[in-house]
Amino acid sequence: MPIAMITGATSGFGRASARRFAAAGWSLILTGRRTERLDALKQELGKQVDVLTITLDVRDAEAVADAVASLPSNFRPLTCLVNNAGLALAPEPAQKVDLKDWHTMIDTNITGLVNVTHAALPLLIETGAGASIINLGSVAGHWPYPGGHVYGATKAFVEQFTYNLRCDLLGTGVRVTDIAPGMAETEFTLVRTKGDQAASDKLYRGTTPLQAEDIAEQIYYVATLPDHININRLEVMPTRQAWSAFNIDRD
Ligand SMILES: NC(=O)C1=CN([C@@H]2O[C@H](COP(=O)(O)OP(=O)(O)OC[C@H]3O[C@@H](n4cnc5c(N)ncnc54)[C@H](OP(=O)(O)O)[C@@H]3O)[C@@H](O)[C@H]2O)C=CC1
Ligand SMILES: O=CCS(=O)(=O)O
């Protein structure tokens, strides 16, 4: 059975992906910081497939390396790594942001993703043909917008890291993809606004955002393409979202 490791499996895209891969019979390594949510997911999906849950903060390089090194033999080598754990904070303009929030985004979206990738690479290369790394980037990594500051910059890192990894992994059979979603209704905005449910509801009200299951379907699609196909970047927006005009400062 193929084996997927999914970071940030306690919510949103990660949890929906866990369900999608389980429906197809994959063995799953599910990680996140909220143990009770991991336990609930194991309870739910463990009836269908082999599930290993690991309470893990991706920012902790040593813990990540230990967790991957300690994977039991029935959960290695890896077929797919879904580097999904991440967050946005501080929707206000850059000049009003608490520096700690910038550090948290960099530590999670960049350092955390790099920590997991570094630890998992040997297990993906061991699988070789058909293995894949799927990184969750964002439209924010490609298109600037007010309040995007460090969040968008972390996702630009994800995009370029994806391409550079591809160069180094050429010949190993391991594929690498940046999936870049637009607006999707998950706990993302609740986290970004530090628990402001009304602000989160307002953002998604009156339109049709992507749902976590939509992105999970794309992740599963990319992971199960024939071995010889690598999608480099997949940008996915809701039909009811598009770019806006440049802003102009006038007298
Ligand atoms: N929703 C959207 O509009 C979009 C989201 N994205 C990206 O998709 C990814 C998933 O987001 P989404 O599902 O929407 O958001 P959610 O907030 O619903 O889920 C985020 C997940 O990341 C985990 N996570 C956050 N910080 C850490 C950490 N330090 N260590 C381990 N896990 C962590 C959370 O788990 P826990 O708290 O238990 O640790 C949670 O499972 C993120 O990388 C996000 O940037 C990209 C484009 C659009
Ligand atoms: O990454 C999330 C999508 S957005 O909020 O930046 O548009």
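For the structure, check the block above.
Overview of the structure. (Residues numbered from 1 in each chain as written. Chains lettered and ligands numbered in written order. Predicted model: local features only at pLDDT ≥ 70, side-chain atom pairs only at ≥ 80, totals over all residues. Heavy atoms only, no water.)

1. What about the overall build of the chain?
Under the convention used in this document: Working definition: helices are DSSP H or I runs of at least four residues, strands are E runs of at least two. Numbering for both runs from the N terminus. Radius of gyration: over C-alpha atoms. The globule rule applied is 2.2 Å multiplied by the number of residues raised to the 0.38 power. Burial classification: accessible surface area is computed with a 1.4 Å probe over protein chains only, and a residue below 20% of its type maximum counts as buried, one above 50% as exposed, and the rest as partly exposed. In what follows, residue pairs with any heavy atoms lying within 4.5 Å of each other are defined as contacts. Each accessible area is a Shrake-Rupley result for a 1.4 Å probe, and residues are judged covered by the shown protein chains and nothing else. We score Asp and Glu as negative and Lys and Arg as positive, and we do not count His or the chain ends. Where a charge sits is defined by one atom per residue type, namely NZ (Lys), CZ (Arg), CG (Asp) or CD (Glu).
Helices and strands together make up the secondary structure of the chain, namely 8 helices and 9 strands. Its C-alpha radius of gyration of 18 Å places the chain within 12% of the 18 Å reference for a compact globule of 251 residues. Reported as C-alpha extents along the three principal axes, the dimensions of the chain are approximately 65 × 40 × 35 Å. Per-residue burial for the chain yields a buried fraction of 49% across its 251 residues. Long-range pairs, those at least 24 residues apart, make up 71% of the contacts in the chain between residues at least 6 apart in sequence. On the chain, roughly 12,200 Å² of surface is accessible, and the fraction owed to carbon and sulfur atoms is 54%. Looking at charge distribution, the chain has the averaged site of its 22 positive side-chain charges lying 4 Å from that of its 27 negative ones.

2. Some points on the site of ligand 2
How we decide: For each residue, the test is whether any non-hydrogen atom lies within 4 Å of the molecule or strand; if one does, the residue is near. Any pair of nitrogen or oxygen atoms within 3.5 Å is treated as a polar contact; in protein, a donor-acceptor pairing is required on top of that, and neighbouring residues in sequence qualify only through side-chain atoms on both sides. In this classification, the charged set is Asp, Glu, Lys and Arg, the nonpolar set is Ala, Val, Leu, Ile, Met, Phe, Trp, Tyr, Cys and Pro, and all remaining amino acids, among them Gly, are polar.
The immediate surroundings of ligand 2 are formed by Ser-138, Val-139, Ala-140, Tyr-145, Tyr-151, Phe-188 and Arg-192. A distance of 2.6 Å separates an oxygen atom of ligand 2 from a polar side-chain atom of Tyr-151. For ligand 2, the protein covers 82% of the area, taking 240 Å² as the surface of the free molecule. In the shell around ligand 2, the residues fall into 5 nonpolar, 1 polar and 1 charged.

3. Let's talk about the site of ligand 1
Around ligand 1 sit 29 residues in total, of which Thr-10, Ser-11, Arg-33, Tyr-151 and Thr-186 are the nearest. One nitrogen or oxygen atom from the side chain of Thr-10 is found 2.7 Å from an oxygen atom belonging to ligand 1. Asp-57 is positioned such that a nitrogen or oxygen atom in its side chain is 2.9 Å from a nitrogen atom of ligand 1. For ligand 1, the accessible surface in isolation is 880 Å², of which the surrounding protein chains cover 96%. Looking at the shell around ligand 1 residue by residue, the class counts come to 11 nonpolar, 12 polar and 6 charged.

4. Some words on the sheet that holds strand 5 (residues 132–136)
Quick note on the threshold: Strands were regarded as paired on the criterion that DSSP finds at least two bridges between them. Axes here mean lines fitted to C-alpha atoms, for a helix over just the part in contact, with angles spanning 0 to 180 degrees between N-to-C directions.
Taken together, the 7 strands give an open sheet; going across it, the order is 3-2-1-4-5-6-9, and neighbouring strands pair in parallel fashion. Strand pairing shows two members of the sheet lacking a second neighbour, strand 3 (51–55) and strand 9 (233–236), which therefore form its edges. Between one strand axis and the next, the sheet turns through 15° on average, direction left out of account. The sheet contact formed by strand 5 and strand 6 (residues 175–181) spans 5 bridges and is parallel. Residue pairing across strands places Ser-132 opposite Arg-175, the latter belonging to strand 6. Taken strand by strand, helix 5 (residues 149–169) contacts strand 5, strand 6 and strand 9, and its axis lies near 165° from that of strand 6. Against the sheet, helix 8 (residues 212–223) touches strand 4 (80–83), strand 5, strand 6 and strand 9, its axis set at about 165° to strand 6.

5. Description of the nonpolar core
Note the cut-off: Here, nonpolar core refers to any group of buried Ala, Val, Leu, Ile, Met, Phe, Trp, Tyr and Cys residues whose side-chain atoms link them within 4.5 Å.
Core analysis: the largest hydrophobic core is formed by 34 residues, its most contacted members being Phe-21, Leu-28 and Leu-30. When contributions to this core are tallied by element, the ones reaching two or more residues are strand 1 (3–6), helix 1 (12–23), strand 2 (27–32), helix 2 (35–45), strand 4, strand 5, helix 8 and strand 9. No other element matches helix 8, which puts 7 residues into this core.

6. Focus on the pairing of strand 6
Short version of the rule: By convention a crossover is right-handed if, when the strands point away from the viewer, the path from the first strand over the helix to the second runs clockwise.
Judged by how many residues are buried, strand 6 sits mostly within the fold: 7 of 7 residues are covered. With burial as the criterion, each face of strand 6 is covered, one bearing Arg-175, Thr-177, Ile-179 and Pro-181 and the other bearing Val-176, Asp-178 and Ala-180. Note that the unit made of strand 5, helix 5 and strand 6 has a crossover that is right-handed. When strand 6 meets strand 9, the two strands line up parallel, connected through 4 bridges. Looking at strand 9, one finds that Pro-181 is bridged to Val-236.

7. Description of the side chain of Thr-108
Mapping Thr-108 onto the fold places it in helix 4 (residues 99–127). A distance of 2.8 Å separates a polar side-chain atom of Thr-108 from the backbone oxygen of Thr-104. With sequence-adjacent residues up to four places away left out, Thr-108 is seen in contact with Val-58, Arg-59, Ala-85, Gly-86, Leu-87 and Leu-113.

These figures capture arrangement, not role.
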